[in-house]
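Understanding the architecture of this molecule
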Amino acid sequence: MTCHREDELLDALARGYTGDELREHVASCASCAELQAVAGALLNEHSVAIAEAAVPSSATMWWRLRIRERHDAEAAARRSLYIGQAATLLIAFGLVVAFFGNDFGQTVRALVASIHLSTPLLLAIATWLVAAPVAGWVAIRQK
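Because the structure is predicted, anything quoted here is derived from the model rather than measured. (Residues numbered from 1 in each chain as written. Predicted model: local features only at pLDDT ≥ 70, side-chain atom pairs only at ≥ 80, totals over all residues. Heavy atoms only, no water.)

**Considering the packing of helix α1 (residues 6–15) against helix α3 (residues 30–52)**
Filter applied, for reference: The convention used is that axes are lines fitted to C-alpha atoms, helices contributing only their stretch in contact, and that angles between N-to-C directions extend from 0 to 180 degrees. By definition, any uninterrupted DSSP run of H or I lasting at least four residues is a helix, any uninterrupted run of E lasting at least two residues is a strand, and each is numbered from the N terminus. Any angle between 65 and 115 degrees counts as roughly perpendicular, while under 35 counts as roughly parallel, over 145 as roughly antiparallel, and the rest as oblique. Here a crossing is taken to be left-handed if its near helix is turned anticlockwise relative to the far helix by less than a right angle, and right-handed if that turn runs clockwise. Throughout, a contact is declared for two residues whenever any of their heavy atoms are within 4.5 Å. Polar here means any residue outside two lists: the nonpolar Ala, Val, Leu, Ile, Met, Phe, Trp, Tyr, Cys and Pro, and the charged Asp, Glu, Lys and Arg; Gly therefore counts as polar.
At a minimum axis distance of 10 Å, the contact between α1 and α3 shows a crossing angle of 30 degrees. As summarised for this structure, α1 and α3 are arranged roughly parallel, according to the angle between their axes. α1 and α3 meet at a crossing whose hand is right-handed. Seen from α1, the contacting residues are Glu6, Leu9, Leu10, Leu13 and Ala14; seen from α3, they are Ser31, Cys32, Leu35, Gln36, Ala39, Gly40 and Leu43. Split into classes, the residues belonging to the contact of α1 with α3 amount to eight nonpolar, three polar and one charged.

Structure (structure tokens):
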């Protein structure tokens, strides 16, 4: 059997104050008396657990924050390194197909020949393609 004032009793117990009227009702209602016994014990146990909880020191929290920042930075560097490696592999695959493929290779070679890239520009692109993964690896190792 449930009482229509159980919600009111739970709210009062959570606040820590039950008025005279509610106390009189609990004394006369078996359902509310049982609820007060059970919920009161649980709320008291909750208060004791909060009071006894060990709070780490500020130095411990700062150390944990620094570790988390380091892991986040390493993850970001790894992601950018993976993107660079994927782009490099894609370009390498395209170059292999272009130079050793049949019809597709002839089409790509004609397209590359029509672009007319200068030698310094090609050297700069090749240097970047080689240096980007190395720079990513160095960035991960220095952190």
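So that's the structure; there's more coming.
**Comments concerning the side chain of His25**
Spelled out, the test is: Using a 1.4 Å probe on the protein chains alone, a residue whose accessible area is under 20% of its type maximum counts as buried, one over 50% counts as exposed, and one in between counts as partly exposed.
Structurally, the position occupied by His25 is in helix α2 (residues 20–28). Under the relative-accessibility criterion, His25 is labelled buried at 14%. Discounting chain neighbours no more than four positions away, the residues touching His25 are Cys3, Arg5 and Cys32.

**Description of the nonpolar core**
Put simply, the test is: Nonpolar cores were defined as sets of buried Ala, Val, Leu, Ile, Met, Phe, Trp, Tyr and Cys residues, with membership established by side-chain atoms within 4.5 Å.
Membership of the largest hydrophobic core is limited to nine residues, which are Cys3, Leu9, Ala12, Leu13, Leu22, Val26, Cys29, Cys32 and Ala39. With three residues, the top contributor of residues to this core is α1. With residues near it in sequence (within four places) discarded, Ala12 still touches Tyr17, Thr18 and Leu22.

**Brief notes about α3**
Under the convention used in this document: A helix is expected to span 1.5 Å for every residue after the first.
With 23 residues, α3 extends 33 Å between its outermost C-alpha atoms, agreeing within 8% with the 33 Å of an ideal straight helix rising 1.5 Å per residue. Buried residues of α3: Ser31, Cys32, Ala39 and Gly40, and no others. As for α3, its buried residues are in contact with α1 and α2.

**A few points about the packing of α2 against α3**
Two elements in contact, α2 and α3, have axes whose closest approach is 5 Å; the angle formed by their N-to-C orientations is 110 degrees. As judged from the angle between their axes, α2 and α3 are roughly perpendicular. Note on element contacts: α3 touches α2 through Ala30, Cys32, Ala33 and Gln36, opposite His25, Val26 and Ser28. Across the contact of α2 with α3, the residue classes tally to four nonpolar, three polar and no charged.

**Focus on the environment of Glu69**
Residue placement: Glu69 occurs in helix α4 (residues 58–100). Placed 52 residues apart in sequence, Glu69 and Tyr17 show a C-alpha to C-alpha distance of 45 Å.

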